Amino acid sequence: MAKTMNFPTYSSEEGKKHARNIVAIWFVVAVIADLIVWFVYGPHMPPGTMTDQARGAQFDIKVVSVMAVPVLLFLWTFGFYAVAKFRGGKDRAEGYYIKGNVKTQAAWYIITASLVLFLAGFGTYELVLPAGAGGGEGPSPIWRPSTNKLLQVQVIAQQWRFTYRWPQFGGMETTSINLPINTEIQFNVTSLDVIHDFWAYQLGVKADANPDSNNVAFAKTLETGRFTVRCDELCGIWHGAMFNYGHVVSQSQFLSWAQSMEAQNASVTKLLPKYATTYTPSYLGAGGGYYPAGDPNGTLN
Amino acid sequence: MAIDMSQTTGVGRGGSSEGGGLKKGPKLNAFTGVLVGALGYLFGHWMGNAIAGGYQQVVGSGQNDTAILLGFIFGTIGFFLGLGILNYPLQKMTGIEPPTDEPEQAQGMMKYFRYTLDNKVVGIQYLFGMLVYFFTAGLLAMAIRTQLLSPTNHIWGPATYLEVVGEHGTMMMMMMTSVVMGPFGNFLVPLMIGSKRVAFPRLEAAAFWFTPAAYIILLSALWQGGFQSGWTGYAPLSIQQGVGQDAYLFSFGLLGFSMICSALNMTATIINYRAPGMRWSRLPMLAWGMITVAFTMLLSVPVLIVGLYVMALDRSAQTSMLYAGHGGSSFLWENLFWFFGHPEVYLLALPGFGVVTEILPVFARKPLFAYKTSVAGMIGVAVLSFFVWQHHLFQSGMNPDMRPLFMLTTELISIPTGFLYLVGMGTMWRSRMRFDVPMLFVMAVFFNFLFGGITGVYVSDVPINVTVHGSYFVMAHFHYTIMGQLMFSVMAAIYYYTPLYFGIKLSEKLGKIHFWTMFIAFNSTFLPLFALGLLGMPRRVFEYAQRLQHLNQWVSVSAFILGLSLAFFAVTFVWQLAVSKPKSPPNPWESRGLEWQVGYPVPHGNFAKIPVILAGPYEYGDPNALPVAELSAVGAHSASVSGGDE
Ligand SMILES: [Cu+2]
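Residues numbered from 1 in each chain as written. Chains lettered and ligands numbered in written order. Predicted model: local features only at pLDDT ≥ 70, side-chain atom pairs only at ≥ 80, totals over all residues. Heavy atoms only, no water.

Novice: Go over the environment of Ile193(B), please, and point to the residues and values.
Specialist: All names here are of chain B. Within the secondary structure layout, Ile193 lies in helix α7 (residues 181–193). A residue is classified by how much of its surface remains accessible, and Ile193, at 0% relative accessible area, is buried. Sequence-distant contacts of Ile193, that is, excluding residues within four places in its chain, are made with Thr269, Ile270, Tyr273, Arg274, Ala275, Met278, Leu283 and Leu594. (Helix = DSSP H or I, 4+ residues; strand = E, 2+ residues; numbered from the N terminus. Buried < 20%, exposed > 50% of the residue type's maximum accessible area, 1.4 Å probe, protein only. Contact = heavy atoms within 4.5 Å.)

In structure tokens, the structure reads:
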């Protein structure tokens, strides 16, 4: 490095001025952005307000957003300020010989660590409180709703459709799904072939459907309306077409629907295997019928 | 440390051939490799038919996985034989002492099609290999976006669409991003640490030659019906698939071996071949990036290979380890795969950070801020990456009580990645930034990774994960980390290091056109995908809700512009390398890095004598800083004078 170089003299006053500018710009922008995030976008954030679990998820997205947006904006403010002010000129001057700053570094460690630990704690609290936050909890969930009055809905995924079984309605199986309002629902999700995933977007429910495994998720309905059910785990060629709609309806509408379905399906229900948490598909594959697990030949029926 | 173990050069010892054996034998190269490989494939396929042709499942399905897999195994062995890679180990094993002199240097382009022990040639082989894989997978991405222009009209059927999706994902993840250590680690690390060679040149060279074999085999899936399992290959879907899945698992396995070989070499080189005075506290950040990646690969890739072996057995020998209801479990593959896959996707970030922290001080004209924090950040990411894999499986129904733990470990990773922002901001603080093309890409890395990192917090929060898991939100998130961070870092490194690799300084003007189109098109492509995910669009679907059409069309058009921008890069890059050849002054960026002090072309053996390291590489702005090392220049002019070393 024999060539002559230009080493400017250092002034710490100037540094403080830059720091004050950056913080001031950031503070104003961040406050405005957070207000917009919470009050303008907040109420429209996914997955909506149809269930307790969906509301919990929406609240989480809002909280994480009002924390993330200022971080993002701080780094942006710094970045744009740096690009504007800390440019090399035609003099090809060298920068200052600064290899670290104990106070800045310590502040950064402490702030990022506290943010992260708060988020982990908050996430855990939100996960446990609304009974698993609508996610699949496996066969024996430890976070359950406080009530025992649960509507049981079994979701059976197979290539490439969902069907639903209702043990409290004679074990009938339906191709459509209706749910009563103001009800705690227990989804028991299983598969007859490959891994699928039951994603009821507006209910804030998502649970993988694994063959030979019962994946339980809870939701408490709070509003009526239509919800989308999609398969959310790649399951073969018609994965993209594996969806349907369900409805949350009033309790009396639900009851009359379920009872009429039960009566309508009675003759078919008799032919079905006994209700179980998992089933073994027949050797004929998808659409070829299934048997309770441990009874691959269906002889115990 | 760094005992000189380099072999004497082959000057005046004609007659030895490539691969260190076969005196006066045929000249072996990639073409003989392909030839012998094809013969090997035919032999293996014949053998598989002889063994398993009568099995009930083969007769019943008309599909013989055993034959395909044996074909791939013998094909790869043949390819290696035909390249001469196996000469040395076979001679050793049979008690023949192989010639100790280094294989004769082939001249011109041909040396890039050979098995060679020169770390710089291997680096360049890797560079072009990686670009070929990247552009192939990029074309597949264009195909995906073409299909998604319309929610219901199809360019391809759903089967072809998923084949394309699977090939794109697998090609990008295993072929392109996993080899990123290759072009930069192999070429630069010995130069940076002041070594004349790498620790295991044969492993290093073999590591590269696994990749073209894997590339051919992976692409061969396309005319075998493809595989519709995506790059994650979840069982039992992957067991159900046709023989295309065998190509997936075999090529992925080959890449696993490649990663292990190159990681072993990189670790051993950095630990043992540092020049005197190259303390850990002076190690360049790019070398830190490489060694942390290498460690992570060494510990995680064997798990992937085991998983792939299990899948191969399930498919060919009808074991049922991944089958529910027959003693196996569909969770097993998910665990094995992500136990590899998660370290993998974080370790893709590390070479990028190595590149960025390496280049930033040069253009900021300041020392790297908080060097130790930066190193701690890399080590922290590497270590924590082993404790997060089940966050891919939050909704799987597996071990739900562990979710708070995996949420915590995942969010903890924000701390070491945050270190890198501290380092970046500290280095920029009151600096004298010069915005040459490599620096623009470095700034873009910080910009893009911010989205990747912050959305990572959403994805790792279990209640939010219920909505975003498996959706386009996750897809956008990891494209920001992998393409936005790693691919932009790779571009920064390409623009930065072409003067050293090829003696060519790429045009600033063309580079800026490439940068701005790529940067804007990239963000325009992937930002809307976050919205699509939040609006309920699952991944890997060939049809989607009508209301999402406008957003999808916006994304597709942006993706095409991104593709054009990258095509523009490819054309201008090759044009400048091969035709216009704009000559670069030595060390055009005024870098202090040791790698820049040897001059172009870097001589065979890198240094005339082992340098003594006097100072760290980032002492910018200190008028009294010592040069990074004491060495006599051995560039083009002096190489002939100072050829001998001992
Ligand atoms: Cu499905």
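Novice: Before we move on, can you summarise the pattern of salt bridges with the specific residues and values?
Specialist: Tallied over the entire structure, the rule returns 13 salt bridges over all chains. Among the salt bridges present, the one from Lys120(B) reaches Asp118(B), with a minimum N-O distance of 3.2 Å. Here Lys120(B) and Asp118(B) have matching classes, each one buried. Between Lys512(B) and Glu508(B) there is a salt bridge, with its nearest N and O atoms 3.8 Å apart. Of this pair, Lys512(B) and Glu508(B) are both found in helix α20 (residues 508–534), four residues apart, which corresponds to roughly one turn of the helix. Overlapping salt bridges, with partners in common, bring together Glu94(A), Arg365(B), Arg434(B) and Glu590(B) in one network. (Salt bridge = Lys/Arg side-chain N within 4 Å of Asp/Glu carboxyl O.)

Novice: Give me the packing of aromatic side chains: which residues, what numbers.
Specialist: A complete count under the given rule lists 78 aromatic pairs over all chains for this structure. Both rings, one in Tyr81(A) and one in Phe86(A), keep their centres 6.0 Å apart while their planes meet at 75°; by these two values the pair is edge-to-face. Note on accessibility: Tyr81(A) and Phe86(A) belong to one class, buried. Summarising the aromatic geometry, the rings of Phe451(B) and Tyr480(B) are spaced 5.3 Å apart at their centres and angled 50° between planes, so their arrangement reads as tilted. With a gap of 29 residues between them, Phe451(B) in helix α17 (residues 437–460) and Tyr480(B) in helix α19 (residues 472–502) connect regions that are remote in the sequence. One cation-aromatic arrangement involves Lys206(A) over Trp199(A); the distance from NZ or CZ to the ring centre is 3.9 Å. (Phe/Tyr/Trp six-rings, centres within 6.5 Å; stacked < 30°, edge-to-face > 60°. Lys NZ or Arg CZ within 6 Å of the ring centre and 35° of its normal.)

Novice: Describe the domain arrangement of chain A, naming the residues involved and giving the relevant values.
Specialist: Residues and elements named next belong to chain A. Domain boundaries assigned for chain A yield domain 1 (12–88 + 100–129) and domain 2 (151–281). Of the roughly 980 Å² buried between domain 1 and domain 2, counting both surfaces, carbon and sulfur atoms make up 56%. Inspection of the region where domain 1 meets domain 2 yields one salt bridge. Residue Glu223 is joined to Arg55 by a salt bridge in which the shortest nitrogen-to-oxygen separation is 2.9 Å. At the boundary of domain 1 with domain 2, the tally comes to seven residue pairs in polar contact (both at pLDDT 80 or more). Residues belonging to the side of domain 1 that touches domain 2 are distributed by class as follows: four nonpolar, three polar and two charged. (Domains from an automatic or database assignment. Buried area = accessible area lost by both parts, 1.4 Å probe. Polar contact = N/O pair within 3.5 Å; in protein donor to acceptor, adjacent residues only side chain to side chain. Nonpolar A, V, L, I, M, F, W, Y, C, P; charged D, E, K, R; others polar.)

Novice: Any details on the side chain of Thr292(B)? Residues and values, ideally.
Specialist: Residue and element names in this part refer to chain B. With respect to the secondary-structure elements, Thr292 resides in helix α11 (residues 285–316). Engagement of the side chain of Thr292 in a polar contact is seen with the backbone oxygen of Trp288, the distance being 2.8 Å. Not counting residues within four places of it along the chain, the set of residues in contact with Thr292 comprises Leu350, Met378, Ile379 and Ala382.

Novice: Can you explain the coordination of the copper ion? Please cite residues and give values.
Specialist: Residue and element names in this part refer to chain A. Ligation of the copper ion by protein atoms is provided by His196 (ND1), Cys231 (SG), Cys235 (SG) and Met242 (SD), these donors lying 2.0 to 2.6 Å from the ion. Between the four donor atoms coordinating the copper ion, the angles at the centre fall across 95 to 125°, so the site counts as tetrahedral. The sequence pattern describing where the donors of the copper ion fall on their chain is H-x34-C-x3-C-x6-M. Of the two residues, His196 is situated in strand β6 (residues 196–200) and Met242 in the loop between β9 (225–231) and β10 (243–249); the sequence distance between them amounts to 46 residues. (Donors = N, O, S within 2.8 Å, 3.2 Å for Na, K, Ca; no water. Tetrahedral: all angles 85-135°; square planar, octahedral: opposite > 155°, others 65-115°.)

Novice: Tell me what's going on with helix α2 (residues 52–85) of chain A, and back it up with residues and numbers.
Specialist: Along its 34 residues, α2(A) runs 49 Å from first to last C-alpha, staying within 8% of the 50 Å computed at 1.5 Å per residue. A large share of α2(A) lies buried, amounting to 24 of its 34 residues. (Expected span 1.5 Å × (residues − 1).)

Novice: Please provide a residue-by-residue account of the interface of chain B and chain A, values included.
Specialist: Each side of the interface is counted separately: chain B has 90 residues, and chain A has 95 residues. Of all residues in chain B, the largest losses of buried area upon contact with chain A belong to Trp429(B), Arg430(B) and Arg432(B), amounting jointly to 11% of the total for that side. The tally of links from chain B across to chain A stands at five salt bridges. In this structure, the salt-bridge partner of Glu94(A) is Arg365(B), at a minimum N-O distance of 3.0 Å. Applying the counting rule to chain B against chain A returns 24 residue pairs in polar contact (both at pLDDT 80 or more). Secondary-structure elements contributing two or more residues to the side of chain B that touches chain A are α6 (158–176), α9 (237–240), α12 (330–347), α15 (403–412), α16 (414–428), α17, α18 (462–468) and α20 of chain B. Counting residues per element, the side of chain B that touches chain A draws most heavily on α16(B), at eight residues.

Novice: Kindly report on the sheet that holds strand β4 (residues 177–180) of chain A, identifying the contributing residues and their values.
Specialist: All names here are of chain A. If you trace the five strands from one edge of the open sheet to the other, you get β4-β10-β9-β6-β7, paired in mixed fashion. Two strands lie at the open edges of the sheet, namely β4 and β7 (205–209), each paired on one side alone. The average undirected angle you get between the axes of adjacent strands in this sheet is 20°. Bridge count between β6 and β7: five bridges; the pairing is antiparallel. Bridged to Phe198 within β7 is Ala207. Those strands touched by helix α4 (residues 251–271) are β4 and β10, and its axis lies near 140° from that of β4. (Pairing = 2+ DSSP bridges. Axes fitted to C-alpha atoms, helices over the stretch in contact; angles between N-to-C directions.)

Novice: Got a sec to walk through unusual backbone geometry? Specific residues and values, please.
Specialist: Of the consecutive residues Pro46(A) and Pro47(A), the connecting peptide bond is found in the cis state with omega at 0°. Of the consecutive residues Ala235(B) and Pro236(B), the connecting peptide bond is found in the cis state with omega at 5°. One can find Pro236(B) in the loop between α8 (201–220) and α9. A positive phi is found at Ala370(B), a non-glycine position, where the angle reads about 50°. Looking at the element boundaries, Ala370(B) is found in the loop between α13 (349–364) and α14 (371–384). Judged by its relative accessible area of 4%, Ala370(B) falls in the buried class.

Novice: Give a detailed account of a nonpolar patch on the surface, specifying residues and quantitative values.
Specialist: Nonpolar side chains collect at one region of the surface, where Ile25(A), Phe27(A), Val28(A), Val29(A), Val31(A), Ile32(A), Leu35(A), Ile36(A), Phe39(A), Val40(A) and Tyr41(A) lie side by side and expose about 1,000 Å² of accessible area between them. Within the fold, Phe39(A) resides in helix α1 (residues 12–41). (Patch = residues over 30% accessible without salt bridge, like charges linked within 9 Å, V, L, I, M, F, W, Y side chains within 5 Å. Areas by Shrake-Rupley, 256 points an atom, 1.4 Å probe, with all protein chains shown as cover.)

Novice: Explain the sheet that holds strand β1 (residues 150–158) of chain A residue by residue, including any values.
Specialist: Residues and elements named next belong to chain A. Ordered by their spatial adjacency, five strands build an open sheet running β3-β2-β1-β5-β8, and the pairing between neighbours is mixed. Single-partner strands in this sheet number two, and they are β3 (172–174) and β8 (215–220). Taken over all neighbouring pairs, the strand axes of this sheet differ in orientation by 25° on average, direction set aside. Against the sheet, α4 engages β1, β2 (161–166) and β3, with an angle of about 110° to β3.

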